[in-house]
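Spelled out, the chains give:
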Amino acid sequence: MSTAVNAVVIHESATLGPTGVTFGFGIGDPTFLGSRFSITDTISVDHVGGHLVRIEGNEGDNIFAAIISLSSSTALPTGSPFNTSELMASTIFPVPSLSNDVLTPLSVTLAPGDYALIFGSDLFGANGTGAMPNNNSDISGSASYFRWNGSIWLNGGFDSTRFVVTGTVVPIPAAVWLFGSGLLGLIGIARRMKAA
């Protein structure tokens, strides 16, 4: 797995287990797999991925990755499967025939809030079938899984799968911070003068 220079792991649902396997929870028509995550800073996402494998014998080798916004840290997407207003970014990418830790570029800036990384097929031009091996070790407090079964979103139903989001924290420029602090100070002085 390689990440961009200065990138940090924003979300990791599980530590990587043994690679080179050909089994796991299915990704494709109609099943999508997702992992929720929350952020407290503005984040510039640069890559998404996880422990993935292609299911041989099916047409196509691309699956999609999508980041969607959620209304809370335990929410499910509201659409069928999700609304365009929830969709923050998506990409398609090939998955290997033997499982590996895969990262693919996906560029989006996320404000503080609740989100999910979803893998699937038959949307955004993805036409393959894959799987997420369940031989990884869930990270306590970070693994929050859900799935689309073709008609509704359901919590859980799979575990020990690895979802990864990398990126960088977008710094608040010092000048903006200083300006905001100065403005708050002026407001405080004006209120005191008005009260006197």
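What comes next concerns the included structure. Everything numeric here is computed off the predicted structure, so don't read it as measured data.

For the rest of this paragraph, the subject is the nonpolar core. Grouped together as the largest cluster of nonpolar side chains are 27 residues, with contacts concentrated most on Leu52, Ile67, Leu117 and Phe119. Listed by contribution, the elements that provide at least two residues to this core are β4 (32-39), β5 (43-54), β6 (62-70), β7 (87-94), β8 (100-110), β9 (113-120) and β14 (163-169). Sequence-distant contacts of Phe119, defined by excluding residues within four places in its chain, comprise Ile27, Phe32, Leu33, Gly49, Gly50, Leu52, Ile63, Phe64, Ala65, Phe93, Met132 and Phe163. Core analysis: the second largest hydrophobic core is formed by 13 residues, Leu70, Ala75, Ala116 and Trp148 among them.

Evaluation of the coordinates by the stated rule reveals 2 salt bridges. With a shortest N-O distance of 2.4 Å, Arg162 and Glu12 are connected by a salt bridge. With Arg162 in the loop between β13 (153-155) and β14 and Glu12 in strand β1 (residues 8-12), the pair connects residues that are 150 residues apart, well separated along the chain. Within the structure, one salt-bridge network assembled from shared partners comprises Glu12, Asp101 and Arg162.

What follows deals with the environment of Gly156. Structurally, Gly156 can be placed in the loop between β13 and β14. What Gly156 contacts, discounting residues up to four positions off in sequence, is Tyr145, Phe146 and Arg147.

The next point concerns the sheet that holds β13. The strand order across the open sheet built from 6 strands is β7-β6-β9-β4-β12-β13, with neighbouring strands paired in antiparallel fashion. Among the strands making up the open sheet, the edge pair consists of β7 and β13. On average, adjacent strands in this sheet sit at an angle of 25° to one another, irrespective of strand direction. Strand direction decides the pairing type here: β6 and β7, joined by 7 bridges, are antiparallel. Pairing of Asn62 across the sheet is with Pro94, part of β7.

Attention now goes to the environment of Ala65. Structurally, Ala65 can be placed in strand β6. Accessibility expressed as a relative area gives 0% for Ala65, which makes it buried. Residues contacting Ala65, with those up to four places away along its chain left out, are Val48, Ala89, Ser90, Thr91, Phe93, Leu106, Leu117, Ile118 and Phe119.

According to the relative accessible area criterion, Arg162 is buried, its value standing at 3%. Reaching out from Arg162, the side chain makes a polar contact with the backbone oxygen of Ala14 at a distance of 2.7 Å.

Between Ser80 and the following residue, Pro81, the backbone shows a cis peptide bond with an omega angle of 10°. Tracing the backbone shows Pro81 in the loop between β6 and β7. Not every positive phi belongs to a glycine, and Phe124 is a case in point at roughly 60°. Among the secondary structure elements, Phe124 is positioned in the loop between β9 and β10 (130-132).

Turning our attention to the pairing of β9. Counted residue by residue, β9 has 7 buried out of 8 residues, so it is predominantly covered. Of the strand pairs in this sheet, β4 and β9 are connected by 7 bridges, and their pairing is antiparallel. Of the residues in β9, the one forming a bridge with Ser35 is Leu117. Strand direction decides the pairing type here: β6 and β9, joined by 7 bridges, are antiparallel. Bridging from a neighbouring strand, Ser69 pairs with Tyr115 of β9.

The rules behind each value
Residues numbered from 1 in each chain as written. Predicted model: local features only at pLDDT ≥ 70, side-chain atom pairs only at ≥ 80, totals over all residues. Heavy atoms only, no water. Core = buried A, V, L, I, M, F, W, Y, C linked by side-chain atoms within 4.5 Å. Buried < 20%, exposed > 50% of the residue type's maximum accessible area, 1.4 Å probe, protein only. Helix = DSSP H or I, 4+ residues; strand = E, 2+ residues; numbered from the N terminus. Contact = heavy atoms within 4.5 Å. Salt bridge = Lys/Arg side-chain N within 4 Å of Asp/Glu carboxyl O. Pairing = 2+ DSSP bridges. Axes fitted to C-alpha atoms, helices over the stretch in contact; angles between N-to-C directions. Polar contact = N/O pair within 3.5 Å; in protein donor to acceptor, adjacent residues only side chain to side chain.

Read these as geometric descriptors, not functional statements.
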